[in-house]
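# Fold and geometry: a report
These are the residues of each chain, in order.
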Amino acid sequence: MRGTEGFSGADVMGEEVTLASLLERVKALAQGVESARLQTASEAEAFRVRYLGQRRGLVTHLFKQIPALPPGERRTAGIALNGLRQKAKERLEAARKVAQQQRTAASGEAPIDLTLPGRRQRELGSVHPLTQALRTITSIFEGIGFSIAEGPEIEDDWHNFTALNFGEDHPARDMQDTLFLEASESGEGGIMLRTHTSPVQIRSMLAGQVPFRLIAPGRVYRNESITYKSYCLFHQVEGLVVDEGITMADLKHILYTFARAFFGSGVRLRFRPSYFPFTEPSAELDVWWDLPSGGRWMEILGSGMVHPNVLEAVSIDSERYTGYAFGMGIERPAMLLYGIDDIRILYENDVRFLSQF
Ligand code: PHE
């Protein structure tokens, strides 16, 4: 019942309410709010019901008494009550946070703040050492005017051997060295994984017109037993230059230019006579590799002047045109450059190895 006389009144429950009694009550409740034990979620919930509950909350109840006060005192009462309610809300909020943290700690999860940047370190990929070496080699040759050609990894006998002037019973045609997909009795006409990138010489010359100045990088396959220094597949970069007046001096100049660009200008090189069916004369290029034990020569490529029979096989006039060719492995120079001592690791895709590059 609402008080109507004088400056005193009665609240809805029929108690006498004065400003002094209300402020007394605020003070008492403030102490309760201050000292309440709020360590668990259920304690926090009990606190909320006790003080801030919509129906029976003690603070809510006091708010309902304000209209029973004389108008001039309501403001003072309101301020005191708002302060009390604020304090109760703050304690409740803090208690809820603590309870939440306990829950996540107990479940072993970190609390989630969606506004924070991700903490997980992204794995950065890197370029495989073979690809790095291949790109370096390719860009050196592109820089001196070579274009890039490609050919299939599955080859036939004619492109891989016959057109390259391999004799009918050359040992390379043997099952022991070549991975045949379809062998033929005669040796001619078989299908195989190419054993070198040299068939790309043939395909390029058949497809284009003299002059040629190209490199052909790619995978090649051999029936090798797998050891720290040999594998059943590896990479080569083939080179081919055909034009009028090409000589061995051009070959040597290009190879030395390349080797200095790749290994450094101080590299020691050795040009050594050799034999390939598809070049005449032929030579191999060795690089001196310093080792703690003294160092040694390392063969990095085969090369030579394109054999006239090869030019004739692709209908190029070998009286008018000459050319040189070379073929280098990628694995060996890459291993030298990066200090890798076992070729197999290049193909194992072990992230611990790859992430070092
Ligand atoms: N094809 C040869 C090999 O695989 C390398 C080579 C290429 C030699 C071109 C001379 C000319 O060993």
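Residues numbered from 1 in each chain as written. Predicted model: local features only at pLDDT ≥ 70, side-chain atom pairs only at ≥ 80, totals over all residues. Heavy atoms only, no water.

### Here we look at the overall build of the protein chain
Within the protein chain one finds eleven helices and twelve strands. Principal-axis analysis of the C-alpha atoms places the extent of the protein chain at approximately 130 × 50 × 45 Å. Out of the 357 residues in the protein chain, the part that is buried amounts to 40%. Put simply, the protein chain shows about 20,400 Å² of open surface, and 52% of that area lies on carbon and sulfur atoms. (Helix = DSSP H or I, 4+ residues; strand = E, 2+ residues; numbered from the N terminus. Buried < 20%, exposed > 50% of the residue type's maximum accessible area, 1.4 Å probe, protein only. Areas by Shrake-Rupley, 256 points an atom, 1.4 Å probe, with all protein chains shown as cover.)

### Concerning the packing of aromatic side chains
Tallying each qualifying case throughout the model produces 15 aromatic pairs. Aromatic pair phenylalanine 161 and phenylalanine 166: ring centres 4.9 Å apart, planes at 70 degrees, arrangement edge-to-face. Of the residues examined, phenylalanine 166 reaches a relative accessible area of 9% and is grouped as buried. Centroid distance tryptophan 288 to tryptophan 297: 5.3 Å. Interplanar angle 75 degrees. Geometry classified as edge-to-face. Given the relative accessible area of 25%, tryptophan 297 is considered partly exposed. One aromatic cluster in this structure is built from Phe141, Phe146, Phe258, Phe262, Phe263, Trp289 and Phe326. The lysine or arginine in question, arginine 268, covers the ring of tryptophan 288, its NZ or CZ lying 4.8 Å from the ring centre. (Phe/Tyr/Trp six-rings, centres within 6.5 Å; stacked < 30°, edge-to-face > 60°. Lys NZ or Arg CZ within 6 Å of the ring centre and 35° of its normal.)

### Structural notes on the packing of helix α5 (residues 129-143) against helix α10 (residues 331-338)
Packing of α5 against α10 leaves a shortest axis separation of 9 Å and a crossing angle of 105 degrees. With respect to each other, α5 and α10 are oriented roughly perpendicular. Taking contact as the criterion, the partners of Pro129, Leu130, Gln132 and Ala133 in α5 are, on α10, Glu331, Ala334 and Tyr338. Within the contact of α5 with α10, the residues separate by chemical class into five nonpolar, one polar and one charged. (Axes fitted to C-alpha atoms, helices over the stretch in contact; angles between N-to-C directions. Parallel < 35°, antiparallel > 145°, perpendicular 65-115°, else oblique. Contact = heavy atoms within 4.5 Å. Nonpolar A, V, L, I, M, F, W, Y, C, P; charged D, E, K, R; others polar.)

### With respect to the domain arrangement of the protein chain
By the assigned domains, the protein chain splits into domain 1 (9-107) and domain 2 (129-354). On a C-alpha basis, the centroid separation for the pair domain 1 and domain 2 is 88 Å. (Domains from an automatic or database assignment.)

### As for the environment of glycine 239
Relative to the helices and strands, glycine 239 resides in strand β8 (residues 233-243). Here the alpha-carbon distance between glycine 239 and phenylalanine 212, two residues 27 residues apart in the chain, equals 9.8 Å.

### Side note on helix α7 (residues 199-207)
Taken residue by residue, α7 has Pro199, Val200, Gln201, Ile202, Ser204 and Met205 as its buried positions. Contacts made by the buried residues of α7 are with β4 (154-156), α6 (157-160), β7 (212-221), β8, α9 (308-313) and β12 (322-329).

### Quick look at the site of the ligand
Taken together, 14 residues surround the ligand, and among them His196, Ser198, Arg222, Gln236 and Gly327 come closest. The contact in question runs from an oxygen atom of the ligand to an N or O atom on the side chain of arginine 222, over 2.9 Å. Contact distances for the ligand include 2.9 Å between an oxygen atom and a side-chain N or O atom of glutamine 236. If the ligand stood free it would expose 320 Å²; the protein chains cover 90% of that surface. Those elements that provide at least two residues to the shell around the ligand are β8, β11 (296-306) and β12. Top contributing element to the shell around the ligand by residue count: β12, with three residues. Split into classes, the residues belonging to the shell around the ligand amount to four nonpolar, eight polar and two charged. (Near = heavy atom within 4 Å. Polar contact = N/O pair within 3.5 Å; in protein donor to acceptor, adjacent residues only side chain to side chain.)

### Quick word on the packing of α5 against helix α8 (residues 248-263)
Contact geometry of α5 with α8 gives a least axis separation of 10 Å together with a crossing angle of 135 degrees. Classed by the angle they form, the pair α5 and α8 counts as oblique. Two packed elements cross with a definite hand, and for α5 against α8 that hand is right-handed. Between α5 and α8, the contacting residues are Ala133, Thr136, Ile137, Ile140 and Phe141 on the first element and Ile254, Phe258, Ala261 and Phe262 on the second. Broken down by class, the residue content of the contact of α5 with α8 amounts to eight nonpolar, one polar and no charged. (Left-handed = near helix turned anticlockwise from the far one by under 90°.)

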